[in-house]
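# Topology and contacts: notes
Now for the letters of each chain:
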Amino acid sequence: MGEPGGYKCVECSQEAPELYRDYQRGVLRIAICIHGKLCIFCLLCEAYLRWLQLQDSSQNTDPDDLIRYAKEWDFYRMFGIASLEQMAFLVGIFTALWLARPESLKTKSDFIFLLKALLLSSYGKLLLIPAVIWEHDYTPLCLKLIKVFVLTSNSQAIRVTVNLSQKLTLLAILSGFILENGVVYFFQRMGWNV
């Protein structure tokens, strides 16, 4: 397997202790970089939920229907918008932390460690899946509760990784939330359904 730490993850370029683990008789387990996959999966869930909420998003079973392909592009657009909103949220957090306590993010490894913690603490977005599956009258309330849960998890991730006070943590989360909503407002002003 080579020397320890001699490998790099293909997804995040960080050092990896192993590429795979060989159990017995050819049973292999490939090492997975979970924070990148979790982030993409959460963005896909959010894009799918937004795509379903678009007006006239009923499914048409005719494979030659041009409207079906246009709706597929709507999904890609929703994924792009969700990605930009997530990026704006993270930029808001990192900017607030850098302005409030620049020594907390003085090295690249501090930055990457906090980024991984924020991505992993967004696991609550996976609750969007049951919200989509069990469509009911309380879906808007469920979505707001999921958002509160994710923001709470993000604040705990900041407090643990950067060792900040609750006041500075809330300031960072609020900065990210405001910048994210600014992006949403921008897209709505452009006339895009978000």
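Residues numbered from 1 in each chain as written. Predicted model: local features only at pLDDT ≥ 70, side-chain atom pairs only at ≥ 80, totals over all residues. Heavy atoms only, no water.

## Topic: a nonpolar patch on the surface
A cluster of nonpolar side chains, I40, F41, L44, I129, I133 and W134, forms an exposed patch at the surface whose accessible area comes to about 590 Å². Of all the elements in the fold, those that place two or more residues in the nonpolar patch are α1 (34-53) and α4 (128-133). In terms of residue count, α1 provides more of the nonpolar patch than any other element does, three residues in total. Tracing the chain through its elements places L44 in helix α1. (Patch = residues over 30% accessible without salt bridge, like charges linked within 9 Å, V, L, I, M, F, W, Y side chains within 5 Å. Areas by Shrake-Rupley, 256 points an atom, 1.4 Å probe, with all protein chains shown as cover. Salt bridge = Lys/Arg side-chain N within 4 Å of Asp/Glu carboxyl O. Helix = DSSP H or I, 4+ residues; strand = E, 2+ residues; numbered from the N terminus.)

## Points about the packing of aromatic side chains
The description of an aromatic ring pair uses the distance of the two centres, along with the angle that the planes make with each other. All chains considered together, the criterion is met by seven aromatic pairs. With a centroid separation of 5.8 Å and an interplanar angle of 75°, the aromatic rings of W51 and F75 are classed as edge-to-face. With a gap of 24 residues between them, W51 in helix α1 and F75 in helix α2 (residues 66-100) connect regions that are remote in the sequence. Just as W51 is buried, F75 falls in that class too. An aromatic cluster is built from Y48, W51, W73, F75 and Y76, whose rings are joined through pairwise contacts. Stacked on the ring of F89, the Lys or Arg K147 has its end atom at 5.8 Å from the ring centre. (Phe/Tyr/Trp six-rings, centres within 6.5 Å; stacked < 30°, edge-to-face > 60°. Buried < 20%, exposed > 50% of the residue type's maximum accessible area, 1.4 Å probe, protein only. Lys NZ or Arg CZ within 6 Å of the ring centre and 35° of its normal.)

## Quick look at unusual backbone geometry
One non-glycine residue, N163, adopts positive backbone phi at about 60°. Locating N163 in the fold gives a position in the loop between α5 (139-162) and α6 (166-189). For N163, a relative accessible area of 61% translates into the label exposed.

## Quick notes on α5
The end-to-end C-alpha separation of α5 is 34 Å, in line with the 34 Å expected for 24 residues at 1.5 Å each. Taken together, the buried positions of α5 are occupied by T139, L143, I146, V150, L151, S153, N154, S155, A157, I158 and V162. The first or second residue beyond α5 is N163, which carries a positive phi of 60°. (Expected span 1.5 Å × (residues − 1).)

## Here's the deal with the nonpolar core
Formed by 19 residues in total, the largest nonpolar core has its most connected members in I93, L97, L114, L118 and I158. If one sorts the elements of this core by residue count, α2 sits on top with seven residues. When sequence neighbours within four positions are dropped, the list of residues in contact with L118 reads L90, I93, F94, N154, A157 and I158. Of all hydrophobic cores here, the second largest spans nine residues; its members include L54, M78, I81 and A88. (Core = buried A, V, L, I, M, F, W, Y, C linked by side-chain atoms within 4.5 Å. Contact = heavy atoms within 4.5 Å.)

## Quick word on α6
Because an α-helix completes one turn every 3.6 residues, residues spaced three or four positions apart along the sequence face the same direction. The terminal C-alpha atoms of α6, which comprises 24 residues, lie 34 Å apart, in line with the 34 Å expected from a rise of 1.5 Å per residue. Buried residues of α6: T169, A172, I173, G176, E180, V183, V184 and F187, and no others. Of the residues flanking the end of α6, it is G191, one or two places downstream, whose phi is positive at about 95°.

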